[in-house]
Amino acid sequence: QVQLVESGGGLVQAGGSLRLSCAAAGGTFSTFGWFRQAPGKEREFVAAVSWSGTRTDYTDSVKGRFTISRDNAKNTVYLQMNSLKPEDTAIYYCAATRRIIATMRSAIYDYWGQGTQVIVSS
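Residues numbered from 1 in each chain as written. Predicted model: local features only at pLDDT ≥ 70, side-chain atom pairs only at ≥ 80, totals over all residues. Heavy atoms only, no water.

Within the protein, the regular secondary structure consists of zero helices and 11 strands. Listing each helix as α and each strand as β along the protein from the N terminus yields β-β-β-β-β-β-β-β-β-β-β. Taking 122 residues into account, the globule formula puts the C-alpha radius of gyration at 14 Å, and the protein, at 13 Å, falls close to it. Seen through its principal axes, the protein has C-alpha atoms that stretch 40 × 25 × 25 Å. In the protein, the proportion of contacts linking residues at least 24 apart, taken out of those at least 6 apart, comes to 59%. Here the protein has roughly 6300 Å² of accessible surface; of this, 48% comes from carbon and sulfur atoms. A gap of 4 Å separates the mean positions of the 13 positive and 9 negative side-chain charges of the protein. (Helix = DSSP H or I, 4+ residues; strand = E, 2+ residues; numbered from the N terminus. Rg over C-alpha atoms; globule rule 2.2 N^0.38 Å. Contact = heavy atoms within 4.5 Å. Areas by Shrake-Rupley, 256 points an atom, 1.4 Å probe, with all protein chains shown as cover. Lys, Arg positive; Asp, Glu negative; His and termini not counted. Charge placed at Lys NZ, Arg CZ, Asp CG, Glu CD.)

Right, dumping it as structure tokens:
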């Protein structure tokens, strides 16, 4: 049974940093992604990383501030978030797929975590 468990969320002041982790169990995955959903908004893509870690994708609003990485030995994906802004406030979800995909941001992710809350105060 596949499980994705996020951790690392919390309350931080604008300009601060957080590191989210997502530990996966129940198999290996070609691609991990991070998504977020702010109150009253639709879920949106944030970042994704390929199996090797050499291919990444970011939504424009986080480029240069967020870094996605993975440790295949630990079956864990990370999202380092720096220079946080109040508009980054959201529930952050980890997602994974075993599919061979071309475009990570629009891929179908078959497995999802429960989410971790990030609140950035101004």
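So, next bit.
Moving on, we get to the sheet that holds strand β8 (residues 76–81). What the four strands build is an open sheet, ordered β1-β3-β8-β7; its pairing is antiparallel. Edge positions in the sheet fall to β1 (3–7) and β7 (66–71), since each of these pairs with one other strand and no more. Each neighbouring strand pair of the sheet contributes to a mean axis angle of 15 degrees, computed without reference to strand direction. Relative to β8, strand β3 (residues 18–25) is paired through six bridges, and the arrangement is antiparallel. Bridged to R19 within β8 is Q80. (Pairing = 2+ DSSP bridges. Axes fitted to C-alpha atoms, helices over the stretch in contact; angles between N-to-C directions.)

Further remarks concern the pairing of strand β9 (residues 90–97). In terms of burial, β9 is a largely internal element, seven of the eight residues being buried. One ladder, built from seven bridges, connects strand β4 (residues 31–37) with β9; its direction is antiparallel. The residue of β9 that forms the bridge with T31 is T97. Note: β9 against strand β11 (residues 116–121), three bridges, orientation antiparallel. (Buried < 20%, exposed > 50% of the residue type's maximum accessible area, 1.4 Å probe, protein only.)

Among soluble globular proteins, nonpolar side chains are generally buried collectively. In terms of nonpolar packing, the biggest core is built from 27 residues, with F32, W34, L79, M81 and Y92 touching the most fellow members. Broken down by secondary-structure element, the contributors of at least two residues to this core are β3, β4, β5 (44–50), β7, β8, β9 and β11. Once residues within four sequence positions are removed from consideration, M81 is found in contact with G16, S17, L18, L20, R65, F66, Y92 and V118. Formed by eight residues, the second largest nonpolar core is a distinct cluster that contains F35, M104, A107 and Y109. (Core = buried A, V, L, I, M, F, W, Y, C linked by side-chain atoms within 4.5 Å.)

With that settled, the discussion passes to the pattern of salt bridges. It is possible for side chains bearing opposite charge to pair when their charged atoms get close. The tally for this structure, following the rule as stated, stands at six salt bridges. A salt bridge links D57 to R105; its shortest N-O distance comes to 2.8 Å. Residue D57 is found in strand β6 (residues 56–58), and its partner R105 is found in the loop between β9 and β10 (111–112); the two are separated by 48 residues along the sequence. Looking at R105, the relative accessible area reads 35%, which means it is partly exposed. (Salt bridge = Lys/Arg side-chain N within 4 Å of Asp/Glu carboxyl O.)

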